[in-house]
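Notes for the structure review
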Amino acid sequence: MSLKLDIFEYRDYLQKSYGEILYRVPIDAGLGCPHRRSDNKGGCTFCPEDGARAVQLGDAEQIEEQIEKGVRFAQRRYGATAFMAYLQAFTNTFSSVEQLEELVKKICSKHNFRAIAFGTRPDCLPDEVVDFLRTLNNRLDVWIELGVQSCHDKTLKRINRGHGWKESCEAIIKLHRADISVAAHLIIGLPGEGLEEYLQTVKKVAALPIDAIKLHNLHILEGTKLADEYRTSRFEVLSEHEYAEILLQLLPQIPEQIPIIRLTTDSPPSGLLAPQWSMSKGQFRKYLATQMRARTVAQGCALRDNSAASVRPPSTVQDRAVVTEDSSVTFYNKRVKEHYHTLAGARSEAENKFCTPSGLEEKLKRDQTVRILDICFGLGYNSLVSCELAIENSAALEITALELDRQVVERAAREIRMKNNLFDWNNCLDILCRDGRWQHRGCSIELLWGDARYTATRAGANFDYIWLDGFSTQKNSELWSVDFFRTLYPLLKSDGLLLTYCAAIPVRSGLMQAGFHVGETEPFGRERSGTIASPNQSLITRELPERDLHLINSVKGIPYRDPSGTRTNKEILRAREYEILRAKGAGAGKQ
């Protein structure tokens, strides 16, 4: 299945406009910045001394050499055949018209560029320069890459930007009237800002006559004023999971006809102070694409007509409904190639693998409020059967549910018919899809969308129970790693219980290595038992069999590992295979 981002990428715009992709050739013309002193000090707090000069330029000083290096790099790496000159470093309209004319002449004499882009500031576009760009645009497509960064003057002042939001608006309108294409640059993660501020900036910028948008996640580079501030105050920077969650909110607000140049920034690792991501740029794109697909998010989807059937992108894979032996419905996931429940009964599985072996009903009768963390909400059976027990016993139940795939919950809301005198399941699921929160007769469910490795850290703590109900270890190893179990351990009360259908040896071993005491529960729907774990050994009434304990202490007990919380399923499985081979090799060497 394709994991292409559901956005209008700039490369697609170029392909459509020129019949081929124009690859950028970065150029440092040495024009400096009007916001810096003569000794090159001052300027924006985030800007490095070299003015964000492209790494691939190396030590090339002459423009001719820079172009030669840039073209050769794009040809070698991408097989490029068409190019756009990109005056990237510093402020590239900080010059006289005469100097700009000579600069463009030199650039065009070196290569047959199809377009040229000038990186600049909103306060460095005097009328005579705009007139020059307008004239140039008649023979060579001109783009202005405008450093807007934020619409909040308080933030712009804090980062010593030297201009306000008013100047950005005026510059965009001025360039638009001159028929010059404008790409607005925004930084996500600036100190003092949060989701509300990012949304305000994106909405305001998207409402202006821009022709493209570029989003940067904030990088704090060594040698900058921002690095000094970070070392002093340690303001929050965005992890890859946090940044992805923000993009999932921002992208729906960007009109789908506006090309997106990029979503992440690049910095030399040696000069990057923070954030330190575990994901590469390519891995992040795949992760974001997975999140967008599962949560039915696309660029501009929040701006579409809500009455239309296509408010959200349609599912590319339709799960097949299956009636199980107890007459309840489960789905078969064609992508994962697994059913969501045992065919012995979807509802019965919730009762026999989670509610009954946990002693939930007795606890509901005994305690004032019971709290459950339901990981992999899916069709909702585990949570909703638990709510039925709570209502029957006039008890209070609080559930925090984690789910990645919005489409499966939306389909369950349409197709599961489980209406009784306690509550309407379809109505509950529909409300959860729409609002993320449902309450009824002392029960509440809060549904958090996203990768459980991240959302679990935002779920709170002091849970009485954790239901862990992901797909199998070979398809969903991200949720069966010892590292994920270490995340879950502090979320449970000291007398809490974690229950799962899974009895795999690496899972039981990983739970033990994470600090849990581990036992088993009665089998249901298959020969293998389920697993029960707790910080409190006295709560484990059925110990693991000797055979399992023996295997746990062998190479088969090597757990799944995901130390960064960002590995893919294949990466986790492959890493375990290598670890097993190394362990076997070491064992053979000792014989």
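For clarity, every value in this text was computed on a predicted model and none was experimentally measured.

How each quantity is defined
Residues numbered from 1 in each chain as written. Predicted model: local features only at pLDDT ≥ 70, side-chain atom pairs only at ≥ 80, totals over all residues. Heavy atoms only, no water. Pairing = 2+ DSSP bridges. Helix = DSSP H or I, 4+ residues; strand = E, 2+ residues; numbered from the N terminus. Axes fitted to C-alpha atoms, helices over the stretch in contact; angles between N-to-C directions. Contact = heavy atoms within 4.5 Å. Core = buried A, V, L, I, M, F, W, Y, C linked by side-chain atoms within 4.5 Å. Buried < 20%, exposed > 50% of the residue type's maximum accessible area, 1.4 Å probe, protein only. pLDDT = per-residue confidence, 0-100. Parallel < 35°, antiparallel > 145°, perpendicular 65-115°, else oblique. Left-handed = near helix turned anticlockwise from the far one by under 90°. Nonpolar A, V, L, I, M, F, W, Y, C, P; charged D, E, K, R; others polar. Phe/Tyr/Trp six-rings, centres within 6.5 Å; stacked < 30°, edge-to-face > 60°. Lys NZ or Arg CZ within 6 Å of the ring centre and 35° of its normal.

1. Notes on the sheet that holds strand S8 (residues 260-262)
- Reading across the sheet, the 7 strands line up as S1-S2-S3-S4-S5-S6-S8 and stay open at both edges, with parallel pairing between neighbours. In this open sheet, the two edge strands, each paired with only one partner strand, are strand S1 (23-27) and S8. Between one strand axis and the next, the sheet turns by 25° as a mean value, whatever way the strands run.
- Against the sheet, helix H2 (residues 63-78) contacts S1 and strand S2 (83-87), and its axis sits at roughly 150° relative to S1.

2. As for the nonpolar core
- Ile-107, Ile-116, Phe-118, Leu-133, Ile-213, Leu-263 and Leu-288 are the most contacted members of the largest nonpolar core, which totals 87 residues.
- Sort the elements by how many residues they give to this core and helix H9 (residues 240-250) lands first, with 6 residues.
- With sequence-adjacent residues up to four places away left out, Leu-263 is seen in contact with Leu-5, Ile-7, Leu-215, Asn-217, Tyr-243, Leu-247, Leu-251 and Leu-288.
- In terms of nonpolar packing, the next biggest core, distinct from the first, is built from 51 residues, Cys-355, Leu-360, Ala-395 and Ile-445 among them.

3. Thoughts on the confidence of the model for the protein chain
- The pLDDT averaged across the protein chain works out to 92; a share of 94% of its residues lies at or above 70.
- Low pLDDT (under 50) marks residues 307-316, which in the prediction has 17 contacts with non-local residues, meaning those over four places away or in another chain.

4. Here we look at the packing of helix H7 (residues 195-206) against H9
- At a closest axis distance of 10 Å, the pairing of H7 and H9 adopts a crossing angle of 40°. The orientation of H7 with respect to H9, classified from their angle, is oblique. In this structure, H7 meets H9 at a crossing whose hand is right-handed. Listed contacts from H9 to Leu-195, Tyr-198, Leu-199 and Val-202 of H7 are Ile-246, Gln-249 and Leu-250.
- For the contact of H7 with H9, the residue count by class is 6 nonpolar, 1 polar and no charged.

5. Details of the environment of Gly-194
- In this fold, Gly-194 is placed in the loop between strand S5 (181-188) and H7.
- With 32 residues separating them in the primary sequence, Gly-194 and Leu-226 have C-alpha atoms 17 Å apart.

6. Digging into the sheet that holds strand S19 (residues 517-521)
- The strand order S15-S16-S14-S13-S17-S18-S20-S19 describes an open sheet built from 8 strands, whose pairing is mixed. Pairing within the sheet leaves two strands with one partner each, and these edge strands are strand S15 (437-440) and S19. Taken pair by pair, the neighbouring strands of this sheet meet at an average axis angle of 15°, ignoring direction.
- Pairing geometry for strand S14 (residues 396-403) and strand S16 (residues 443-449), over 7 bridges, is parallel.

7. Things to note about the packing of aromatic side chains
- In total, this model carries 19 aromatic pairs according to the counting rule given.
- Aromatic side chains Tyr-230 and Phe-235 sit 5.3 Å apart centroid to centroid with 75° between the ring planes, which places their arrangement in the edge-to-face category. By the burial criterion, Tyr-230 is buried, and Phe-235 matches it.
- Here the aromatic residues Phe-8, Tyr-10, Tyr-13 and Trp-143 are joined through ring pairs into a cluster of three or more.
- Here the guanidinium or amino end of Arg-24 rests over the ring plane of Tyr-86, the centre of that ring lying 4.6 Å away.

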